[in-house]
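# Tertiary structure, described
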Amino acid sequence: VGTIANNEYLVFFTKSRGNIYTNRYFVCDNKIKCIDYSQVCDLVDNCGDGSDEAACTNHFRCNSSGHLIPITSKCNGRYDCFDMSDECNDECSREILKGFPLKASSLVIGSLAVLANLIIITKSVRAMK
């Protein structure tokens, strides 16, 4: 293991087979900690400042708690965030609106409302005569 210093932080590198040097460490934004790249985007805030999870596309961050869940858990019909932000958001709403159950139930409820209004109007007209 070796180090290279620049004016902001140290860069750690390791020598693997032959004369190949690799940088296996992620420098956290807080400049206090370095972690192995295997810990980046693993749904755990290993840096303490969230920088190791900030640019990842494999997770969803809950709105109120900042808790990380796998992206596959978003809009899956189960609440994984305490604030329900993984299911109650614009993206999930579009999926719900496109679904057949909502369209069918809206058609039935709308038809019943029209029928009920027609009955009320008919009774009101008869009562006026």
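Let us look at the structure shown here. (Residues numbered from 1 in each chain as written. Predicted model: local features only at pLDDT ≥ 70, side-chain atom pairs only at ≥ 80, totals over all residues. Heavy atoms only, no water.)

A word on the nonpolar core. One finds Phe26, Cys28, Ile35, Val40 and Cys47 forming the largest nonpolar core, which totals five residues. With sequence-adjacent residues up to four places away left out, Cys28 is seen in contact with Lys33, Ile35, Cys47, Asp49 and Ser51. (Core = buried A, V, L, I, M, F, W, Y, C linked by side-chain atoms within 4.5 Å. Buried < 20%, exposed > 50% of the residue type's maximum accessible area, 1.4 Å probe, protein only. Contact = heavy atoms within 4.5 Å.)

Within this structure, the stated rule accounts for three disulfides. Paired through a disulfide, Cys28 and Cys47 show a sulfur-sulfur distance of 2.0 Å. Taking the sign of the S-S torsion, about -75° here, the bridge from Cys28 to Cys47 comes out left-handed. Taken together, the residues span a long stretch of sequence, with Cys28 in the loop between strand S4 (25–27) and strand S5 (34–36) and Cys47 in the loop between S5 and strand S6 (59–61) at a distance of 19 residues. (Disulfide = S-S within 2.5 Å. Helix = DSSP H or I, 4+ residues; strand = E, 2+ residues; numbered from the N terminus.)

All right, on to a nonpolar patch on the surface then. A contiguous nonpolar patch, built from Val108, Leu112, Leu115 and Ile119 and spanning about 370 Å² of accessible area, is present on the exposed surface. The partly exposed category is assigned to Leu115, whose relative accessible area is 48%. (Patch = residues over 30% accessible without salt bridge, like charges linked within 9 Å, V, L, I, M, F, W, Y side chains within 5 Å. Areas by Shrake-Rupley, 256 points an atom, 1.4 Å probe, with all protein chains shown as cover. Salt bridge = Lys/Arg side-chain N within 4 Å of Asp/Glu carboxyl O.)

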